[in-house]
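For reference, the chains in residue letters:
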Number of protein chains: 2
Amino acid sequence: MKEKKEDRRIGRTRRLMHEALMALIVEKGYEAITVQDILDRADVGRSTFYAHYRDKDELLLSCFEHLRTLFEQQQQALFAARRTGKDPEVHFILELFRHTRQHHKLYKAIAGKQSGEMILKYLHRDLYTMLIGPLTELIRNKKSPPVPIEITTHHLVSSLLSLMTWWLDNNMPYSAEKMDEIFRILTAPAIETAFGRKVEKKEYESIAGEHPSGSVNAFYSLFVDSGCCPDN
Amino acid sequence: MKEKKEDRRIGRTRRLMHEALMALIVEKGYEAITVQDILDRADVGRSTFYAHYRDKDELLLSCFEHLRTLFEQQQQALFAARRTGKDPEVHFILELFRHTRQHHKLYKAIAGKQSGEMILKYLHRDLYTMLIGPLTELIRNKKSPPVPIEITTHHLVSSLLSLMTWWLDNNMPYSAEKMDEIFRILTAPAIETAFGRKVEKKEYESIAGEHPSGSVNAFYSLFVDSGCCPDN
DNA sequence: CTTTTTTAGAACACAGTGTTCATTAATGAA
DNA sequence: TTCATTAATGAACACTGTGTTCTAAAAAAG
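So, here's what we can say about the structure.

Basis of the calculations
- Residues numbered from 1 in each chain as written.
- Chains lettered and ligands numbered in written order.
- Predicted model: local features only at pLDDT ≥ 70, side-chain atom pairs only at ≥ 80, totals over all residues.
- Heavy atoms only, no water.
- Helix = DSSP H or I, 4+ residues; strand = E, 2+ residues; numbered from the N terminus.
- Buried < 20%, exposed > 50% of the residue type's maximum accessible area, 1.4 Å probe, protein only.
- Contact = heavy atoms within 4.5 Å.
- Near = heavy atom within 4 Å.
- Polar contact = N/O pair within 3.5 Å; in protein donor to acceptor, adjacent residues only side chain to side chain.
- Nonpolar A, V, L, I, M, F, W, Y, C, P; charged D, E, K, R; others polar.
- Core = buried A, V, L, I, M, F, W, Y, C linked by side-chain atoms within 4.5 Å.
- Buried area = accessible area lost by both parts, 1.4 Å probe.
- Salt bridge = Lys/Arg side-chain N within 4 Å of Asp/Glu carboxyl O.
- Patch = residues over 30% accessible without salt bridge, like charges linked within 9 Å, V, L, I, M, F, W, Y side chains within 5 Å.
- Areas by Shrake-Rupley, 256 points an atom, 1.4 Å probe, with all protein chains shown as cover.
- Lys, Arg positive; Asp, Glu negative; His and termini not counted.
- Charge placed at Lys NZ, Arg CZ, Asp CG, Glu CD.

**Description of the overall build of chain A**
Assigned secondary structure in chain A consists of 11 helices and zero strands. Ordering the α and β elements of chain A from the N terminus gives α-α-α-α-α-α-α-α-α-α-α. With 232 residues in all, chain A has 50% of them scored as buried. Contacts in chain A between residues far apart in sequence, at least 24 positions, make up 67% of those at least 6 positions apart.

Given below as structure tokens:
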């Protein structure tokens, strides 16, 4: 399974540069960092850096992909555990907030306001791609929604990322569960609208409750049941 | 009133540089632009540029402030017209979309994805400052909201900007009125929640209607009635 | 017309990027 | 351990872009 013919030095050098960049982003912000800063912090040679990455952006992207792999592996594990029936339901958004808290230093460097804006665009694009399919599927047989599905999806992703960065940049004053709840309260009605259904008062109230397992969850469980996670 | 002791050359030079930057942003994106590009396009000397602006960012900021002034003047005029009772109600969000359409080339350069991310942060900060006060005032006597007012405000501003940039970057496929309606559908329920009131089905349905003048509008008319616009 | 202010243009030092190459060191396989 | 292979080092280099300075010329104001 594992292709382990990689030189140890490569992994070590890459790890050093990752760590250096993450630390520097938190300290002075991505834009202000020079390649020389990274070399000094990681204590590697200039030519070594360019042997691994084309430029600063590619290093940051590499850090981002590392974090995404971490999350995907954890999702895979949870997904597998769920299939055995031993675990409760897994909700993508909640797990994302939990993973963020668990690796908050990495997330803050990568998704916080100190990081490069480029990363947020990648995150947006990735989440958009994950969402647009299942959401389109869900409204297939419904009447045409009052808001185009592309805009709704775009709005949902922007809202999620906006909450994430707010949470990180304000030192996570609330629990992951609370953030998940906040996201639901702020966006669930819009999702119902996009699905073309009326919002019943009873349903709406249930949104503010603690993780209801009613129809509102249809959206959230999408991320687990529809195989929208990459590499599935 | 007007302090017109400014040398004609100053205005001309500044205008040339503004125009050059706007055009270049649309062409190749803000980050890729060098000072030399601006000098060539505007046909001004290098020392002239630095006599007016510290750097590229300050020039972009100057363009942004120019646009904001344009909008504020128009708002002032509408506000005045409304006081005479000759005009229908003025809604901040709708007027912002209308102004965006009216000056879409400027807005696309300044708020589109090709522009510097710095500007979106300024826009976010400005809108947040405009919103947070009136929103806090509105929930003063209500029960404590399920979502902190700071987060709700942050979310609203992010949603608005996300819609704005989507609209601009997709060549404005919908009318300003439609965008205003979309913004209401996607965010009004969250506002009601922040206000601590239950959303009645009748009210909710009215959101999707054409610019209802019911209680949902309490939020939107804030921008007109509460003097939250700068320089009032 | 005279004074004041702005602009032009070239020269400059400086900071940061990305490349090259000969040398040294670490690695992993035999 | 030996040894061929691969990676890291570090210094030198050309290059691009920034921001400053200075003198001469042009334009505006009075």
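**Focus: the protein's contact with DNA strand C**
Of all residues adjacent to DNA strand C, which total 19 residues, the nearest are Arg8 of chain A together with Thr13, Gly45, Ser47 and Thr48 of chain B. Here the atoms of DNA strand C within 4 Å of the protein split so that 59% fall in sugar or phosphate, with bases taking the remainder. Separating a base nitrogen of DNA strand C from a side-chain N or O atom of Arg9 of chain A is a distance of 3.2 Å. Between DNA strand C and Arg46 of chain A there is a distance of 3.1 Å, counted from a base nitrogen to a side-chain nitrogen or oxygen. For the surface near DNA strand C, the secondary structure elements donating two or more residues are helix H1 (8–28) and helix H3 (46–52) of chain A together with helix H1 (8–28) and helix H3 (46–52) of chain B. Tallied by class, the residues present in the surface near DNA strand C amount to four nonpolar, seven polar and eight charged.

**A few points about the nonpolar core**
In terms of nonpolar packing, the biggest core is built from 59 residues, with Leu21 and Phe97 of chain A touching the most fellow members. When residues of this core are traced back to their parent elements, those giving at least two are H1, helix H2 (35–42), helix H4 (56–83), helix H5 (92–102), helix H6 (104–111), helix H7 (117–138), helix H8 (149–169) and helix H9 (176–194) of chain A. The contacts of Phe97 of chain A, once residues within four sequence positions are left out, are Leu160, Leu163, Met164, Trp167, Ala176, Met179, Asp180 and Phe183 of chain A. In terms of nonpolar packing, the next biggest core, distinct from the first, is built from 58 residues, Ala190 of chain A together with Phe64, Leu161 and Met164 of chain B among them.

**Some words on the interface of chain B and chain A**
As a measure of interface size, the accessible area lost when the parts come together is often cited. Contacts between chain B and chain A engage 30 residues on the former and 30 residues on the latter. Across the interface of chain B and chain A, roughly 2900 Å² is buried in total on both sides, 69% from carbon and sulfur atoms. Our enumeration of links across chain B and chain A arrives at two salt bridges. The residue Lys121 of chain A makes a salt bridge to Glu117 of chain B at a minimum N-O spacing of 3.1 Å. Sorting the residues of the side of chain B that touches chain A by element identifies helix H7 (117–138), helix H8 (149–169), helix H9 (176–194) and helix H10 (201–208) of chain B as the ones contributing at least two each. Top contributing element to the side of chain B that touches chain A by residue count: H8 of chain B, with nine residues. Here the residues of the side of chain B that touches chain A sort into 14 nonpolar, eight polar and eight charged.

**Some points on a negative patch on the surface**
Taken together, the side chains of Glu31 and Asp57 of chain A together with Glu31, Asp55 and Asp57 of chain B make up a negatively charged region of the molecular surface. With respect to the helices and strands, Asp55 of chain B occurs in the loop between H3 and helix H4 (56–83). What makes Asp55 of chain B partly exposed here is its relative accessible area of 31%.

**A word on unusual backbone geometry**
Residue and element names in this part refer to chain B. Residue Asp43 is not a glycine yet carries a positive backbone phi of 60°. For Asp43, the location among the structural elements is in the loop between helix H2 (35–42) and H3. Asp43 gets classed as exposed once you look at its relative accessible area, which sits at 68%. At Asn171, a residue that is not glycine, the phi angle is positive and equals roughly 55°. Note on Asn171: relative accessible area 58%, which makes it exposed.

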